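# Structural overview
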Amino acid sequence: MALYEGRGMASVNYPIGMNLGGDPSQALIHSNPDGKFTVALSAIDLGQGMKQVSRQIAAETLGVPIEDVYVDTADSDTGPHDMGSFASRGTHRMGNAVIAAAREARGVLLEAAAEELEVSADDLVTDGRGNIHVRGAPSRSITVKATALAAQFKQGRTIAGRGIFLIPLSAVDAETGEMNPNTAFAHACLVADVSVDDETGEVTVLRMTSAYELGRVINPRMVEQQLAGGAWMGISHALYETPEPYYPDPEHGPRDFNEYLMPGPGDIAPYHVTVLERPAPDGPFGGKGPGEMCANPVLPAIANAIYNAVGVRVDELPMTPEKILRGIKANGGVRPQPRRGGPANWR
Amino acid sequence: MAKHPVQFRLNGSDRATFVDGAENLLNTLRRGLGDFAPKYGCGQGTCGVCTVLVDGEPHLSCLTLAVACEGRHVETASGMADGPDFHPLQAAFMDHFAAQCGFCTPGMLTAARALLAKNPNPTRDEVVEAISGNICRCTGYEPIIAAILAAAGSSGARRA
Ligand code: FES
Ligand code: FES
């Protein structure tokens, strides 16, 4: 038995969102009489951070403290319409809708404050700590809370805003086939180092190193965490997960998710990520969103690393020990490939 | 079917209820006593989201008969915070972003709590071993391992 190490890389240009009948998202924001704001979305937070990111975007645009913003994604029956949380579209599409809604709500907030302070709304600024004051004259101020109370009980005014962000359907040019379905692309490159056991066909991911360009990173810790979790899913797709593993006798195959393989906490590889920010011109504060691309480059990088290690090209997922052993056998033995372009000591 | 009375301590309070003989502890906690911290994942002992402590030992509550807990002390993730103060493990999970969807979190916290009670300064391998029965679909495990090691490092973890 011998262990063969190999290195593979892959890069990805990743389109944010999709192009079915167009790609719209809506957001609604209103203030409560206590000066706190509710953002209603139908986009769902599955743990990727949709709520947190929407909250940051809303607070920043409204000019109020983040603790004063509540994001409600509870009910797609009663909430404003959204295409959904998929295609890595959340931050970009919903973020823009939230900005639009927050701008409108902020406009009404400042009008209500202007009425109380007897000034023009154009002269008012927010301090992000719950106060609105006259530009250049901080002492002429009113709290957001007092403004919301006045709007509700004195002025009879609704402090609210509507937002929609729509990437319209991009039709295909019949002559040229040209279309423009996406406005924002994120980018990444990932290098995977693996070792392959030529007797068992088992692959161990030794380490992964990547660089991700994601536009403006709205919440750095959540992005880091999403990239780490996504890379684990990539390893899982590449080497483990399948509902139909090959067994000589199907009776011996798995029957449910209890027998569906995934890497456990002992199977994870050290992972180093560098995040680069090149703000998207049409993104919310320049954001694009990592989403599914956290996992995408891991699969081809591991496939390339296996090829580099033992000369076997596995073109079907997952790359199980059995497929690798069959490949080694078909080649008449392992065929380690040359290693190029790395530091001399990377092995 | 005849119901059996059962009494045990749940997170420090005496609780009593009636259960079917074959009823599992998970069902009793969630449906009978309204403690929704332990989750129902697989119901077959493979995912770990239903992990609770029985007399300080980690148990899969989906595989534990409720009647077998008579007179014992059951602890769930609901009992970890001390009023508004998080348990050091909970604080470390927050600091390390060790939850995304959060479904695995109560089980992970409980498995970690059992580990630190026995072994206040575990190695990374011991942490990995302790949570190896708990599946997480989101985080890639690394932040969970880091959080548990950090909580072990903080002196407060000794009360775990
Ligand atoms: S629900 Fe008990 S182990 Fe999965
Ligand atoms: S955080 Fe989602 S399963 Fe662990």
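To keep things clear, this report deals only with the structure shown in the data block. This is a predicted model, so every value here is computed, not measured.

### Describing unusual backbone geometry
- Residue leucine 317 of chain A is joined to proline 318 of chain A through a cis peptide bond whose omega torsion reads -10°.
- Within the element layout of this structure, proline 318 of chain A appears in the loop between helix H5 (298-310) and helix H6 (321-330).
- Even without being glycine, glutamate 118 of chain A reaches a positive phi, approximately 55°.
- Looking at where glutamate 118 of chain A falls in the secondary structure, it is placed in the loop between helix H2 (90-117) and strand E5 (124-126).
- Even without glycine at this site, tyrosine 141 of chain B takes up a positive phi of about 70°.
- Positionally, tyrosine 141 of chain B belongs in the loop between helix H4 (124-130) and helix H5 (142-153).

### Side note on the nonpolar core
- In this structure, Ile29 and Leu62 of chain A are the most contacted members of the largest nonpolar core, which totals 39 residues.
- Secondary-structure elements contributing two or more residues to this core are strand E2 (23-31), strand E3 (37-40), helix H1 (50-62), strand E4 (69-72), H2, strand E6 (131-134), helix H3 (144-155) and strand E8 (160-167) of chain A.
- No other element matches the 14 residues that H2 of chain A contributes to this core.
- Leaving out residues up to four positions away in the same chain, leucine 62 of chain A has contacts with Ile29, Phe37, Val69, Ala102, Ala105, Arg106 and Thr126 of chain A.
- Core analysis: the next-biggest nonpolar cluster, separate from the first, contains 32 residues, Phe93, Met108, Val128 and Ala151 of chain B among them.

### As for the sheet that holds strand E5 (residues 73-75) of chain B
All names here are of chain B.
- Strand order in this open sheet of five strands is E2-E1-E5-E3-E4, and the pairing throughout is mixed. In this open sheet, the two strands that pair with only one neighbour each are strand E2 (13-19) and strand E4 (57-60). Going across the sheet, the axis of each strand differs from the next one's by a mean of 40°, ignoring polarity.
- Pairing of strand E1 (residues 4-10) with E2, which is carried by seven bridges, proceeds in the antiparallel orientation. Bridging across to E2, proline 5 finds its partner in phenylalanine 18.
- Together, strand E3 (51-54), E4 and E5 form the strand contacts of helix H3 (residues 105-118), whose direction differs from that of E3 by roughly 35°.

Basis of the calculations
Residues numbered from 1 in each chain as written. Chains lettered and ligands numbered in written order. Predicted model: local features only at pLDDT ≥ 70, side-chain atom pairs only at ≥ 80, totals over all residues. Heavy atoms only, no water. Helix = DSSP H or I, 4+ residues; strand = E, 2+ residues; numbered from the N terminus. Core = buried A, V, L, I, M, F, W, Y, C linked by side-chain atoms within 4.5 Å. Buried < 20%, exposed > 50% of the residue type's maximum accessible area, 1.4 Å probe, protein only. Contact = heavy atoms within 4.5 Å. Pairing = 2+ DSSP bridges. Axes fitted to C-alpha atoms, helices over the stretch in contact; angles between N-to-C directions.

None of the figures reported here should be taken as evidence of function without further support.
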